[in-house]
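Examination of the molecular architecture
Letter by letter, the chains look like this.
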Amino acid sequence: TQPESAADAAAGLLAAHRWAEAEAAYRRTMSSEQSPSVALELVKALIAQGKGADAELVLDAVSDDAGAVAADRLRSAARWLVASRGSVDEADPTSADALFLLASEVGARGDIQGALAGLIAVLRRDKRYRGGEAQKIMLAYFDILGDSDPLTREYRNKLASVLF
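Quick summary incoming for the structure in this document. (Residues numbered from 1 in each chain as written. Predicted model: local features only at pLDDT ≥ 70, side-chain atom pairs only at ≥ 80, totals over all residues. Heavy atoms only, no water.)

**A look at the nonpolar core**
Short version of the rule: Nonpolar cores are built from buried Ala, Val, Leu, Ile, Met, Phe, Trp, Tyr and Cys residues. Side-chain atoms within 4.5 Å join them into one set. To sort residues, take the accessible area from a 1.4 Å probe on protein chains only and compare it with the maximum for the residue type: under 20% means buried, over 50% means exposed, and anything in between is partly exposed. Per the convention used, a helix needs a DSSP run of H or I reaching at least four residues, while a strand needs a run of E reaching at least two, with both numbered from the N terminus. Should any heavy atoms of two residues lie within 4.5 Å, those residues are counted as being in contact.
Core analysis: the largest hydrophobic core is formed by 52 residues, its most contacted members being Ile47, Trp80, Met138 and Tyr141. No other element matches helix α3 (residues 36–48), which puts nine residues into this core. If near-sequence neighbours (up to four positions away) are discounted, tyrosine 141 is found in contact with Ile47, Trp80, Leu81, Gly107, Ile112, Ala115 and Leu116.

**Brief notes about the packing of aromatic side chains**
The line we're drawing: Here a pair means two rings of Phe, Tyr or Trp (six-membered ring of Trp) with centres within 6.5 Å. Their orientation is stacked below 30 degrees between planes, edge-to-face above 60, and tilted elsewhere.
Here the structure, examined in full by the defined rule, presents three aromatic pairs. Judged by centre distance (5.9 Å) and plane angle (50 degrees), the ring pair of tryptophan 80 and phenylalanine 100 falls under tilted. Here phenylalanine 100 lies in helix α6 (residues 96–108) and tryptophan 80 lies in helix α5 (residues 68–82), a separation of 20 residues in the sequence. Pair check on accessibility: tryptophan 80 and phenylalanine 100 agree, each one buried. Ring centres of phenylalanine 100 and tyrosine 129 lie 4.8 Å apart, and the angle between their planes is 50 degrees; on these two criteria the pair is classed as tilted.

**Some details on the environment of leucine 145**
Secondary-structure assignment places leucine 145 in helix α8 (residues 133–145). The spatial distance from the C-alpha of leucine 145 to the C-alpha of alanine 48 is 8.5 Å, given a sequence separation of 97 residues. Excluding anything up to four places from it in sequence, leucine 145 contacts His17, Trp19, Ile112, Leu116, Leu151 and Thr152.

**Some details on helix α7 (residues 112–125)**
Note the threshold: How far a helix is expected to stretch is found by multiplying one less than its residue total by 1.5 Å. Polar contacts, as used here, are pairs of N or O atoms within 3.5 Å; protein pairs need one atom able to donate a hydrogen and one able to accept it. Residues neighboring in sequence count only if both atoms are side-chain atoms.
In this model α7 runs 20 Å from its N-terminal to its C-terminal C-alpha over 14 residues, within 8% of the 20 Å that 1.5 Å per residue would give. Looking only at α7, the buried set comprises Ile112, Ala115, Leu116, Gly118, Leu119, Ile120, Val122 and Leu123. Contact partners of the buried residues in α7: α2 (19–32), α3, α5, α6, α8 and α9 (150–163). Two to three positions downstream of the cap, the backbone nitrogen of glutamine 113 sits 3.4 Å from a side-chain oxygen, assigning the N-cap of α7 to aspartate 111.

This is the structure:
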């Protein structure tokens, strides 16, 4: 069927980290098929590009039962990217809060590796930062990149070494 092939093509673009093309392909797929799973894949493409506000809009339209854990992680990452418009506390630019904000600014530019490095820096300061929020955002990026991606493997190892 046509929608399946369009979704398959979009999935291939996402897997190849061709984020903007994947976004366009998922948007085309969504125009003909309102599927929560397609919406979540679109959100991944948006977050990878640093488009947190767009990702939040798509997530708001997705029913809550659609991959609740994945959607929750992606929502955290989208909110974090939107929060990048905050201001860093000049008094302590190395605080966990400042590092978290700086990492979100990097993520909002679409620099996934830089964002992951920033989140690791936050967790080195505070393993339980904001009740696990930094970890949750890292897991969202791992979902976006895929288990076989070298960045996922590298930062999953770093995350484990920081936490355990």
